[in-house]
Structures are given as structure tokens and as C-alpha cells.
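Coordinate inspection notes
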Amino acid sequence: MNTAEWIRLAAERIAADAAHLSRLDAAIGDGDHGHNLERGFAAAVAALPEGDAPPGKVLLAAGRAIVAKTGGASGPLYGTALRRAGKALGDTPDLDAAGLGAVLQAALEGVRELGQAGEGDKTMVDALAPAVAAYEEALAAGGDLAACAAAAAEAADQGAQATVPMQARKGRASYLGPRSTGHLDPGAASTALLLRALADVA
Amino acid sequence: MSVGIVIVSHSRALAEGVAELAATMGAGEAAVAAAGGDGRGGLGTSAELIEEAVATVSAGAGVVLLADVGSSVLTAKLVVQDAGGEVVLADAPLVEGAIAAASAAAAGADMAAVVAAAESAHGFRKT
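Keep in mind it's a predicted model, so treat the numbers as computed, not measured.

1. Looking at the pairing of strand β3 (residues 63-67) of chain B
Residue and element names in this part refer to chain B. Within β3, five of the five residues are buried, which leaves the element mostly enclosed by the surrounding structure. Residues Val-63, Leu-65 and Ala-67 line one face of β3 and the alternating positions Val-64 and Leu-66 line the opposite face, and both faces are buried. Here five bridges tie strand β1 (residues 4-9) to β3, and the two strands are oriented parallel to one another. Bridge pairing in β3 places Val-8 opposite Ala-67. With three bridges connecting them, β3 and strand β4 (residues 87-89) associate as parallel partners. In the strand pairing of β4, Val-64 is matched with Val-88.

2. Examining the layout of surface pockets
Of the volumes computed, that of the largest pocket is approximately 800 Å³. Residue assignment for the lining of the largest pocket shows that the elements contributing at least two residues are α1 (3-28), α2 (33-46), α4 (74-89), α5 (97-115) and α8 (186-201) of chain A together with α3 (71-83) of chain B. With four residues, α3 of chain B is the single largest residue contributor to the lining of the largest pocket. Grouping the amino acids of the lining of the largest pocket by side-chain chemistry returns 14 nonpolar, 14 polar and nine charged. Put simply, the second largest pocket is a space of about 230 Å³. Lining the second largest pocket are 15 residues, with Asn-2, Gly-51, Asp-52, Ala-53 and Val-58 of chain A sitting closest to its centre. By residue number, the principal contributor to the lining of the second largest pocket is α1 of chain A, which donates three residues. In terms of residue class, the lining of the second largest pocket is made up of nine nonpolar, three polar and three charged.

3. Focus on the pattern of salt bridges
Residues and elements named next belong to chain A. By the definition in use, this model includes 13 salt bridges over all chains. Close ionic contact of Asp-121 with Arg-169 constitutes a salt bridge, the shortest N to O distance being 2.7 Å. Residue Asp-121 is found in the loop between α5 and α6 (125-140), and its partner Arg-169 is found in the loop between α7 (145-161) and α8; the two are separated by 48 residues along the sequence.

4. Looking at empty space enclosed by the protein
Residue and element names in this part refer to chain A. By the definition in use, this model includes one cavity of 30 Å³ or more. As for the largest cavity, its lining consists of 17 residues, of which Trp-6, Tyr-78, Ala-81, Leu-82 and Ala-107 are closest to the centre. Those elements that provide at least two residues to the lining of the largest cavity are α4, α5 and α8. Counting residues per element, the lining of the largest cavity draws most heavily on α5, at five residues. Split by residue class, the lining of the largest cavity holds 16 nonpolar, one polar and no charged.

5. Digging into the UniProt feature "domain: DhaL" (unreviewed entry) in chain A
According to UniProt, the feature "domain: DhaL" (unreviewed entry) maps to residues 1-200 of chain A in the numbering used here. For residues 1-200 of chain A, the helix share is 69%, the strand share is 0%, and the end-to-end C-alpha distance is 11 Å.

6. Here we look at the environment of Leu-108 of chain A
Residues and elements named next belong to chain A. Along the chain, the position of Leu-108 falls in helix α5. Separated by 23 residues in sequence, Leu-108 and Ala-131 have C-alpha atoms that sit 9.6 Å apart. Every residue in contact with Leu-108, bar those within four places of it in the chain, is listed here: Val-125, Leu-128, Ala-129 and Val-132.

7. So, the side chain of Ser-46 of chain B
Residues and elements named next belong to chain B. Take Ser-46: it is sitting in the loop between β2 (31-36) and α2 (47-57). Among the residues examined, Ser-46 registers a relative accessible area of 6% and is labelled buried. Polar side-chain contacts of Ser-46 include one of 3.0 Å to the backbone nitrogen of Leu-49.

About the cut-offs
- Residues numbered from 1 in each chain as written.
- Chains lettered and ligands numbered in written order.
- Predicted model: local features only at pLDDT ≥ 70, side-chain atom pairs only at ≥ 80, totals over all residues.
- Heavy atoms only, no water.
- Buried < 20%, exposed > 50% of the residue type's maximum accessible area, 1.4 Å probe, protein only.
- Helix = DSSP H or I, 4+ residues; strand = E, 2+ residues; numbered from the N terminus.
- Pairing = 2+ DSSP bridges.
- 1 Å grid on protein atoms, 1.4 Å probe; cavity = no way out; pocket = protein on both sides within 12 Å on 5 of 7 lines; lining within 4 Å.
- Points joined across faces, edges and corners; volume = space filled by probe spheres on them.
- Nonpolar A, V, L, I, M, F, W, Y, C, P; charged D, E, K, R; others polar.
- Salt bridge = Lys/Arg side-chain N within 4 Å of Asp/Glu carboxyl O.
- UniProt positions renumbered as here; feature names shortened; annotations may be inferred.
- Contact = heavy atoms within 4.5 Å.
- Polar contact = N/O pair within 3.5 Å; in protein donor to acceptor, adjacent residues only side chain to side chain.

Here it is in C-alpha cells:
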């Protein structure tokens, strides 16, 4: 699959949904998530290598730009996810189903390590972890890249929705304590959106 | 050669104020820099700003970061990862930690001792 196409589509979807994501963040955080990510992904698109770069190089370039330009917690987290994914791929010229699985796994490990969040903390991990698990399950069942990515996107959507009743234990929302319940976590929502974009280009 | 200190905050004003306060410790001997705001005049955190601040206070003895909340902490951790050993994040309250760290750094403490001084600020009681 073409990782640059994914970054471009992700940037479009983030831009279209920026106001919504920021509103989700305003409920339990500082209200900048969508607009931060819009700026970060626009920078990622601008930083994409020219021509047919290997998928790992594309993800590294996008991750670096997102770290540099995003501004909120999502910058280091998504930037780390993409940089780890890029490093996992190295100079591999083609991304196949097993390769994308390894990429998603590396991204999840990077996010967990930096943010120290586990499942149930009401963060992007609640969308990303089930997505990685669903991808691996689909892969083990013999699914092709598109089928595995679709399974991951579906699991991410469900994982994001499951954050609504959770009480935040990480990030700015954790300062709200019980008042953080009843809201969709903006990071989980944007992760679901990014994985939907991935499934749509796969 | 003293340990450098960088104050990371969402707010440029807050980072600069804490840095100003901390720099007065030890008769101004401590190298303290502020990395506050998103670099475009708004609230937020910028990895680029932190890296620039680290460069300005780095004198070969290491740099200790102190961060306020949320993305400041994550961005500081990322800078630490990328720096590979010369830069560490102290798990400390921002104002008290910065003052304690600057006092230790001005007195010639090494990086581990500056971190320990910053982290000891958790125990400063006010009542």
C-alpha cells in the first residue's frame, strides 16, 4: 500500500473533522485537539518525500513533521507512532499485510511507552490497542491487507466509543476525575479517524 | 561547567517567570532557559523550542528539564528520548522543583544530584 496516500487522506479527514475533534477536547481538555492535528498533518503532507520513497521513509518524514508542528500532546504521541512505524519498516520497498501489522504494532508500542497509558485510561490507546489486536486476528485468519485494515478500523471505532463512560486516568482530562465520564475521548476519536483513512486507502 | 535547566510550560509567560525566579538562585550562576508556548504566540508545547532552549544552556554537564502538565511532559519526554542521555526530565513540581534544581546546579552539582534536588521539592510543605 501507498503510505503517502494514507497521510494525504488522513490530513484531509482531520481537516474536515477538526472543529468536531476540538469540541470533544473542549469538554474534557483544552479544546485544541482538532486544530493542532490539522496543523500537524498539513505539515506532514508538506514534508512527504518527492517521488516513490519507501513507505518507511514516508512515515518517518510525516512523524518528524507532526512532532515539530502539532503543539499538543497528540504531536509527540502521533509523531512517535509514525516514527516508530517508519523505523520498523526501514528501507522495505513494499508494504504487505504482515508488514502493516508490524507497523501498527510498533506504533502502539511507541505510544504506550511515551504516554504510559494502558487500555481503560480513556486515551488513544483505547482505540489503537483493539485495532492492532483486530488486525492481527484478521491476518491470522488469512485476511489480505485491505480486510485486515478494515477490521482494525472497525475495532478502533468501537474502542473509541467505549471511552465514553470511562474516567480519564491520563492526560489533562485526568484532572477532572469523575467529571471526565460521559465524553468521547478526542484522542481515541482521532485515532479511529486515522485508521478509517488507512482502511480506505488499503 | 554546570548542569543546564530548561523550564517547559504550555505558557510562555509561565515558563519565563519560573526561569526568572529559578535563575536568581545561587547568585545567578545557574543556566536556566524557558521553553514555553507553541512557538507561534499561543499556548502549547513545541519540541523545537525545547531543543533550542536545551542548546542554549548545555555546557557539557547535561541538561535537566522541568515540565508543567500534559503535552509539556510528553514533548519533554520525546526530546529526552531523541537526545540520548545528555538530557533528562525531572519528576518534580514546576516552581519548587526549578528553584531547588537551580540552587543545586549553581552549587556545581552533577546531573543526578540536580534531578534529585528537583524531585525533593515534592516534600516541601507549606503548612
